[in-house]
Amino acid sequence: MSAATLRLALVGVPNCGKSALFNALTGTRQKTGNYPGVTVERRWGHFVTGDGRQIDVVDLPGTYSLDPASPDQEVTRDVLLGRQAGESSPDAILCVVDATNLRVHLRFALELKQLGYPIIVALNMMDLARHHGIEIDVERLARELGAPVVPTVAVRRSGLEELLRRLPSELFDIAVRPTAAIDAGHKPRSVEDVRALQEEARRIARAALVHEGASFRLTKAIDEVVLHRVAGPIILFGLLFLMFQAVFAWAEVPMDWIDSGVVWLQAATVSALPEGWLASLISDGVLAGVGSVIVFLPQILILFAFVLVLEQSGYMVRAAFLMDRLMAGVGLNGRAFIPLLSSFACAIPGIMAARAIDTPRDRLTTILIAPLMTCSARLPVYTLIIAAFIPNTTVGPGIGLQGLVMFGLYLAGIVSALGVAAVLKLTVTRGLSQPFLMELPKYQIPVLRDVALGLVDRARIFLRRAGTIILISMLVIWVLASFPPPPPDATEAAIRYSFAGTIGRALNVVFAPIGFTWEISIALIPGLAAREVAVAALGTVYALSGSEDAVVDSLVATLQGAWSLPTALAFLAWYVFAPQCLSTLAVAKRETNSWRWPLFMFGYLFALAYIAAGATYWIAKFVT
Amino acid sequence: MDTALRTEKAAASTQGLTSLARLGPGRQAMIKVVGRTLDGRADGMLERRLLEIGFEEGREVEVRHVSPFGGDPIAVRVDRLNIALRRGEAAFVLVAPRPDEPVETPET
């Protein structure tokens, strides 16, 4: 027998437990990436069965039918019809069916079967079904469907062996493998077709169901509370508060570790290498730059741990339900809530999370406003300026002025995001409002393995980016800030004589009207790579400005002496909108598949930042 | 799309029906028509999506939750399924309320 690797496609309706099954099959051997040309995530993995058969499995996005309602679902259709560029069509389909919802899931199974692929059905969530008194005649179901049916509990890895054993062995033999007679001329189904399939699904479900079972009492009881008109929003905002506390408080210790690690590496580099450009390149360019980004890894992991747990438990969809009305006010969808929430840690995962939004327009709007959510990279800048210029007084019982200003900056970001969304909806992303229609799945206890796999994946994506785009931009910026070297008789900071200094002073023509000094203009350039680098850059500019006590530690004191209050406030206002984050622009480019939208994003953020900073400067100047 | 024909079909059979969008919280009803509004508007794409997610003629439906902010969207139960949708979409599901369940709550 000439053995061949079987290409198996995992297909199913959303919430059928498909991803859990995929995780159970592939474990840590799974990989994620993108389908070429589109921004839909591709998850695949290779594994060998107990009896040595090779299987390549690809997890296709969940969909209710082959007539797609979102870009994700388009991929599922196109892969199955052999239309997806760079992706060969599968040899067989593993259709995942939720045993507790046969009627809806069988309709899709029947639709898939019509494609002509060899198909095997995983009757998933059998434990939940049994628990609720749902009894299914599996033999009968298989007979009626005309396909092997294997009961599984993906989260407990039960039934997997049986599932793999039942894959027809001729599929693994290239010599006799049947070529799937796929219906290449697939046309969108008419409503009548859908009804006919539904009719058939209902008939099969009725035949196979021995017992209908009871309703999901626990889900019902939880929903009574979390969707309650009063308790619901309180619980949601409580959870959000806990999440933010966790992101900022729990991450502090590991962030300090990373920080000290980077500092140690820098010191080691400087002492190991002869003083000169190489040591500076590695220490100030590579380590400082990449370190300043990697330091956010703990925050991102904590945020995503929350997001993944809330998603897997089934709560996230409830949150979207609760938030939908508020989002609809500015023409957005309840689902935009999750990406925007993630953007408080970092716009990059936020923009990536926008993939879950069905409608391209809503998705684009969400991507475009994600950078307005105050990301954690802005925190070091806010902290520095607030510490330097906002008096540490109280304005009421337990309310400090500094904290209030910080809160105001966050609020300014949120309010302007909603405003921009509303404007975009009337102009750039105008279109009919799209249906908001989604299943509220049963609550489930999140599985540690699935959360862990998700976290590893996010960490990998984030670190890969830190290792490539941020590394490259840091190198470019280091070159700009280090060359040409200052003349021997230099009296001012070395950076002033560099390309960055020249560019900064040229830029100052633009920035002087909004109250920025040339030092700020210089700091904005390194800040392009990552916002928080601007703090380090300010340190560099002033430390090397000749004033002896201007070391980074006393940057607060230095700034107090060097900047006027209107300038400081203008700088804060600038950072609410600040378009300068190359990684965000790069990920927006990848997700929208063109340079058009990231350029638009840069343009509108720049305009807003300029106007806000200018208005702040002149108003503050007038008032003080 | 042959809207005229659909409107004609609609006019014949909406007697005694209301739309899911108008069904008050806690009210139970039987789904009678999917894909058409009370005033006879039809939307083929939406009809397909409603059918696919689990709305089906002859099923029991109950309004379980309404949004705390302005009462829209709503969450309904069809069999064991919970489905969230906006009232705009719910208007395309026509239902016959249980006889003992009075119809209330106007659409807006």
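Residues numbered from 1 in each chain as written. Chains lettered and ligands numbered in written order. Predicted model: local features only at pLDDT ≥ 70, side-chain atom pairs only at ≥ 80, totals over all residues. Heavy atoms only, no water.

1. Observations regarding the overall build of chain B
The line we're drawing: For helices the rule is a DSSP run of H or I covering at least 4 residues; for strands it is a run of E covering at least 2, with both sets numbered from the N terminus onward. Think of it in three bands: with a 1.4 Å probe and only protein chains considered, a residue is buried below 20% of the maximum accessible area for its type, exposed above 50%, and partly exposed in between. Pairs of residues are marked as contacts when any of their non-hydrogen atoms sit within 4.5 Å.
Within chain B, the regular secondary structure consists of three helices and six strands. Ordering the α and β elements of chain B from the N terminus gives α-β-β-α-β-β-β-α-β. A total of 108 residues make up chain B; the buried ones form 61% of that total. A separation threshold of at least 6 residues defines the contact pool for chain B, and within that pool the share at least 24 residues apart is 66%.

2. Let's talk about the side chain of Thr269 of chain A
Take Thr269 of chain A: it is sitting in helix α10 (residues 252-272). Apart from the residues lying within four places of it in its own chain, the contact partners of Thr269 of chain A are Ala279, Ile282, Ser283 and Leu287 of chain A.

3. Some remarks on the confidence of the model for chain B
Heads up, the rule is: Scored from 0 to 100, pLDDT reflects the predictor's confidence in each residue.
Looking at chain B, the pLDDT average stands at 82 and 80% of residues meet or exceed 70. The complex prediction reports pTM at 0.80, with the ipTM value standing at 0.84.

4. A short note on the packing of aromatic side chains
All names here are of chain A. Applicable threshold: What counts as a ring pair is set by centres within 6.5 Å for rings of Phe, Tyr and Trp (its six-membered ring), and what kind of pair is set by the plane angle: stacked under 30 degrees, edge-to-face over 60, tilted for all other angles.
One pass over the structure, following the stated rule, counts 17 aromatic pairs over all chains. With a centroid separation of 5.9 Å and an interplanar angle of 65 degrees, the aromatic rings of Phe516 and Phe571 are classed as edge-to-face. Of this pair, Phe516 sits in the loop between α21 (499-511) and α22 (518-524) while Phe571 sits in helix α25 (residues 565-577), and the two are 55 residues apart along the sequence. Here Phe516 and Phe571 have matching classes, each one buried.

5. Focus: the pairing of strand β3 (residues 60-66) of chain B
All names here are of chain B. Note the threshold: Two strands are said to pair when DSSP picks up at least two bridges between them.
Most of β3 sits out of view: six of its seven residues are buried. In this structure, strand β2 (residues 28-34) lies alongside β3, joined through three bridges in antiparallel fashion. Looking across to β3, one finds that Gln28 is bridged to Glu62.

6. Re the environment of Gly62 of chain A
All names here are of chain A. Looking at the element boundaries, Gly62 is found in the loop between β4 (54-59) and α2 (71-80). According to the relative accessible area criterion, Gly62 is partly exposed, its value standing at 25%. Taking C-alpha positions, Gly62 is 9.8 Å from Gly17, a pair spaced 45 residues apart along the chain. In this structure Gly62 touches Gly12, Pro14, Lys18 and Gln73, once residues within four positions along its chain are discounted.

7. Things to note about the interface of chain A and chain B
Basically, it comes down to this: In short, buried area is how much 1.4 Å probe accessible area vanishes from two parts on joining, totalled over both. Salt bridge, as applied in this entry: a Lys or Arg side-chain nitrogen positioned within 4 Å of an Asp or Glu carboxyl oxygen. Here a polar contact is taken to be a pair of N or O atoms separated by no more than 3.5 Å, where protein atoms must pair a possible hydrogen donor with a possible acceptor and residues adjacent in sequence count only if both atoms sit in side chains.
At the interface, 48 residues of chain A touch 38 residues of chain B. Of the roughly 3900 Å² buried between chain A and chain B on both sides combined, carbon and sulfur atoms contribute 54%. Summed over the three residues of chain A that lose the most area to chain B, namely Arg103, Phe321 and Leu437 of chain A, the buried surface amounts to 18% of that side. Its salt-bridge partner being Arg86 of chain B, residue Asp324 of chain A comes within 2.7 Å of it at the nearest N-O pair. Our enumeration of links across chain A and chain B arrives at 21 residue pairs in polar contact (both at pLDDT 80 or more). Of all the elements in the fold, those that place two or more residues in the side of chain A that touches chain B are α3 (102-113), α7 (191-208), α8 (217-226), α13 (315-328) and β12 (437-439) of chain A.

8. Brief notes about the confidence of the model for chain A
The predicted coordinates ought not to be read in detail in places where the model reports low pLDDT. A residue-level look at chain A finds 90% of positions with pLDDT of 70 or above and a mean pLDDT of 83. Below pLDDT 50 for its whole length, residues 544-552 of chain A participates in 10 contacts with residues either more than four positions away or in separate chains.

9. Remarks on the sheet that holds strand β6 (residues 93-97) of chain B
For clarity, the threshold we go by: Between the N-to-C directions of two axes lies an angle of 0 to 180 degrees, each axis being a line fitted to C-alpha atoms and, for a helix, fitted only over the stretch in contact.
Taken in spatial order, the seven strands make up an open sheet running β12(A)-β5(B)-β4(B)-β3(B)-β2(B)-β6(B)-β1(B), and their pairing is antiparallel. Two strands lie at the open edges of the sheet, namely β12 of chain A together with β1 (18-19) of chain B, each paired on one side alone. Pairing geometry for β1 of chain B and β6 of chain B, over two bridges, is antiparallel. The residue of β6 of chain B that forms the bridge with Thr18 of chain B is Val95 of chain B. Packed onto the sheet, α8 of chain A meets β3 and β5 (81-85) of chain B and runs at close to 35 degrees relative to β3 of chain B.

10. Section: the pattern of salt bridges
For the structure on display, the rule yields 30 salt bridges over all chains. Of the charged contacts in the structure, one is a salt bridge between Glu224 of chain A and Arg64 of chain B, with a shortest N-O distance of 2.9 Å. Note that Glu224 of chain A is positioned in helix α8 and Arg64 of chain B in strand β3, a pairing that runs across two chains. Judged by relative accessible area, which is 14%, Arg64 of chain B ranks as buried.

11. Remarks on a nonpolar patch on the surface
Residues and elements named next belong to chain A. For the record, the criterion: Surface patches are drawn from residues lacking salt bridges whose relative accessible area is over 30%; two like charges belong together within 9 Å, two nonpolar side chains (Val, Leu, Ile, Met, Phe, Trp, Tyr) within 5 Å. Using a 1.4 Å probe, accessible areas were evaluated by the Shrake-Rupley method; residue-level cover was limited to the displayed protein chains.
A cluster of nonpolar side chains, namely Trp277, Leu278, Val479, Phe483, Phe499 and Ile503, defines an oily patch on the protein surface of about 550 Å² accessible area. Mapped onto the nonpolar patch, the elements with two or more residues apiece are α11 (277-294) and α21. By secondary structure assignment, the location of Leu278 is in helix α11.

12. Things to note about the environment of Gln114 of chain A
Residue and element names in this part refer to chain A. For Gln114, the location among the structural elements is in the loop between α3 and β6 (119-124). Take Gln114: its relative accessible area is 48%, and that puts it in the partly exposed class. Among all residues touching Gln114, those that are not within four sequence positions of it are Arg189 and Leu197.

13. A look at the side chain of Asn82 of chain B
As for its placement among the helices and strands, Asn82 of chain B is situated in strand β5. Accessibility expressed as a relative area gives 13% for Asn82 of chain B, which makes it buried. When near neighbours in sequence (up to four residues on either side) are disregarded, Asn82 of chain B contacts Thr219, Asp223, Met438, Glu439 and Leu440 of chain A together with Arg64, Val76 and Arg77 of chain B.

14. Points about the packing of helix α18 (residues 401-426) of chain A against α25 of chain A
When two helices pack together, you describe them by how their axes are tilted relative to each other and by the distance separating the axes. All names here are of chain A. For the record, the criterion: Geometric relationships in this document are graded by angle, where less than 35 degrees denotes roughly parallel, more than 145 denotes roughly antiparallel, 65 to 115 denotes roughly perpendicular, and other angles denote oblique. Two helices cross in a left-handed way if the nearer one is turned anticlockwise from the farther one by less than a right angle. They cross in a right-handed way if the turn is clockwise. Classes in brief: Ala, Val, Leu, Ile, Met, Phe, Trp, Tyr, Cys and Pro nonpolar; Asp, Glu, Lys and Arg charged; the others, Gly included, polar.
Put simply, α18 and α25 touch, their axes get as near as 9 Å, and they point 40 degrees apart. As summarised for this structure, α18 and α25 are arranged oblique, according to the angle between their axes. Considering how the two elements wind past one another, α18 and α25 form a crossing that is right-handed. Counting all contacts with α18, which are made through Val405, Leu409, Ala412, Gly413 and Ser416, the residues of α25 involved are Leu572, Val576 and Phe577. Of the residues contributing to the contact of α18 with α25, the split by class is six nonpolar, two polar and no charged.

15. Some remarks on the nonpolar core
Defined as follows: We call a set of buried residues a nonpolar core when its members are Ala, Val, Leu, Ile, Met, Phe, Trp, Tyr or Cys and they connect through side-chain atoms within 4.5 Å of each other.
Counting 111 residues, the largest nonpolar core has Ile385, Phe516, Phe571 and Trp574 of chain A as the members making the most contacts within it. If you look at the next biggest cluster of nonpolar residues, it comprises 72 residues, including Leu66 and Cys95 of chain A together with Val34 and Val66 of chain B.

16. Focus on the packing of α3 of chain A against α7 of chain A
Residues and elements named next belong to chain A. As a packed pair, α3 and α7 sit with axes 8 Å apart at the nearest point and diverge in direction by 120 degrees. Relative to α7, α3 is oriented oblique. Crossing of α3 over α7 shows right-handed handedness. Across the interface between the two elements, Leu102, Arg103, Leu106, Arg107, Leu110 and Glu111 of α3 pack against Val194, Leu197, Gln198, Glu200, Ala201, Ile204 and Ala205 of α7.

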